[in-house]
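Close look at the chain arrangement
Residues per chain, in single letters:
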Amino acid sequence: MILGILKEPSFEKRVSLLPESLAALIKKNVQVWIEPNAGLYAFSPDDEYSKLGGQIKSRDEIIQNANLILSMHGDDLPGSLKSKTIIGVYQPLFQPQLMREWAGKMMTVFSLDMLPRTTRAQSMDVLSSQANIAGYKAVLAAANMLPRYFPMFITAAGSIPPAKVLILGAGVAGLQAIATARRLGAVVEVFDTRPQVKEEVLSLGGKFIEVEGAADASSAGGYAVEQSEGFQQRQKEKIAESIAKADIVITTAQIPGKRAPVLVSKDMVESMKLGSVIIDLAASTGGNTELTENNKTITHEGVAIYGDSSLAASMPVDASKLYGKNVLNFLQLLIDKDGNLILPFEDELVKGSCITHNGEIVNERVRQLVP
Ligand code: NAD
């Protein structure tokens, strides 16, 4: 079998597999073909892949001959991928029309963001491995933009109080943001609709602010669900109290397949101190503030709002390393011991992450979105 690794579009610095992951595939007699410069921005030049048994082939050769293709993004995949099996992160719940198009081309599409988030899937969970990086980088970006210190200082020239960081959403990214902000010496307050994260927040040294009456999310597989009007109003009032004192706000709140909840209104932004910074990791799904613009930094009345949902890509070496390890673990389900491509749909992880197969959208949630 031939496995192809495509070079990602120009905005993406990560690559689906680093050279270090090749050995496990080659041992199974899988030929690994890599598009020239696919790993360049992850500091993995072509000769690193060649040294470890990979073969550098043109994009056309890979597209024509590979049985299985790795490409994180679907943006610039060519029409000639007809009948191919591809693996990446395609956000199918936000791109149902593209999924229909791909089904029409008889492509078998696995989107790793749709993997069921079970214990067994943890080693393949690209959302977690990349969100962890995004949470870390969000704090570093904020610290860079803030015209103040993070830690408290008592010096002969005077005292500096610790920065106040407010984190909205304590999922994987939010928890890493708490840990990183605490390491830098900030005081951290946190909101989440899932009460079960309270203990994790406290154990990282954050203060958890509770809002009564959150919707029960126990059947949502660990995710949040949409909240009632009453809850949203109570939550907004409490966020308004905290935000007026915050130097930095990091927002990460998401609801799978839905627009991100708007938690920070224009009025709240206007109540913040001049020079404060908001980093919105939910920017690509609409943003958690009323003013967020995706992939842009705007300034509103002295407050910078940085909208970026792809901060993991700004750390391409470790992001590719962890993404590649996730992919490799997933590939173990699709490649048998003799190196043949198999599609065991009886496996809940294979079934759950498969979006199109045999000319149809096979994922129920995505199918419902296509008229
Ligand atoms: P996410 O990116 O979908 O959301 C981020 C956070 O925003 C979540 O904690 C969510 O509760 C919160 N949120 C949503 N709406 C909100 C609102 N209105 N106000 C405040 N906060 C709000 O989530 P994620 O980080 O990908 O994962 C969430 C959880 O899923 C994890 O913490 C974990 O419990 C579970 N999980 C399980 C596995 C696994 O078992 N394999 C893997 C990863 C995550």
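Look up a bit, the structure's there.
In short, a report on the structure. Values in this document were obtained by computation on a predicted structure and should not be read as measured data. (Residues numbered from 1 in each chain as written. Predicted model: local features only at pLDDT ≥ 70, side-chain atom pairs only at ≥ 80, totals over all residues. Heavy atoms only, no water.)

Attention shifts here to empty space enclosed by the protein. By the definition in use, this model includes one cavity of 30 Å³ or more. Taken together, the residues of the lining of the largest cavity break down into three nonpolar, one polar and five charged. (1 Å grid on protein atoms, 1.4 Å probe; cavity = no way out; pocket = protein on both sides within 12 Å on 5 of 7 lines; lining within 4 Å. Points joined across faces, edges and corners; volume = space filled by probe spheres on them. Nonpolar A, V, L, I, M, F, W, Y, C, P; charged D, E, K, R; others polar.)

One finds Leu3, Leu25, Val32, Ile87, Leu112, Phe330 and Leu331 to be the most contacted residues of the largest nonpolar core, which totals 35 residues. When residues of this core are assigned to their parent elements, the largest contribution, seven residues, is made by helix α10 (residues 316-334). Counting 29 residues, the second-largest nonpolar core is a separate cluster that includes Ala138, Val165, Val188 and Val197. (Core = buried A, V, L, I, M, F, W, Y, C linked by side-chain atoms within 4.5 Å. Buried < 20%, exposed > 50% of the residue type's maximum accessible area, 1.4 Å probe, protein only. Helix = DSSP H or I, 4+ residues; strand = E, 2+ residues; numbered from the N terminus.)

Strand direction decides the pairing type here: strand β6 (residues 108-111) and strand β16 (residues 354-357), joined by two bridges, are antiparallel. Counterpart to phenylalanine 110 in the pairing with β16 is cysteine 354. (Pairing = 2+ DSSP bridges.)

Turning our attention to the site of the ligand. Taken together, 21 residues sit near the ligand, with Arg117, Val172, Asp192, Arg194 and Gln235 positioned nearest. For the ligand, an oxygen atom lies 2.7 Å from a polar atom in the backbone of valine 172. At 2.7 Å from an oxygen atom of the ligand is found a side-chain nitrogen or oxygen belonging to arginine 194. Among the residues forming the shell around the ligand, the class breakdown is seven nonpolar, ten polar and four charged. Shared between two domains, the shell around the ligand takes at least three residues from each, and those domains are domain 1 (2-124 + 316-367) and domain 2 (128-314). (Near = heavy atom within 4 Å. Polar contact = N/O pair within 3.5 Å; in protein donor to acceptor, adjacent residues only side chain to side chain. Domains from an automatic or database assignment.)

A cluster of nonpolar side chains, namely Tyr149, Phe153 and Ile160, defines an oily patch on the protein surface of about 260 Å² accessible area. Assignment of secondary structure puts phenylalanine 153 in strand β7 (residues 153-155). Using a relative accessible area of 30% as the deciding quantity, one classes phenylalanine 153 as partly exposed. (Patch = residues over 30% accessible without salt bridge, like charges linked within 9 Å, V, L, I, M, F, W, Y side chains within 5 Å. Areas by Shrake-Rupley, 256 points an atom, 1.4 Å probe, with all protein chains shown as cover. Salt bridge = Lys/Arg side-chain N within 4 Å of Asp/Glu carboxyl O.)

Counting buried positions along strand β15 (residues 303-307) yields four of five residues, so the element is predominantly enclosed. Across four bridges, strand β13 (residues 277-280) lies against β15 in parallel orientation. Pairing of isoleucine 278 across the sheet is with isoleucine 305, part of β15. Across five bridges, the pairing between strand β14 (residues 296-300) and β15 is antiparallel. Bridge pairing in β15 places threonine 299 opposite alanine 304.

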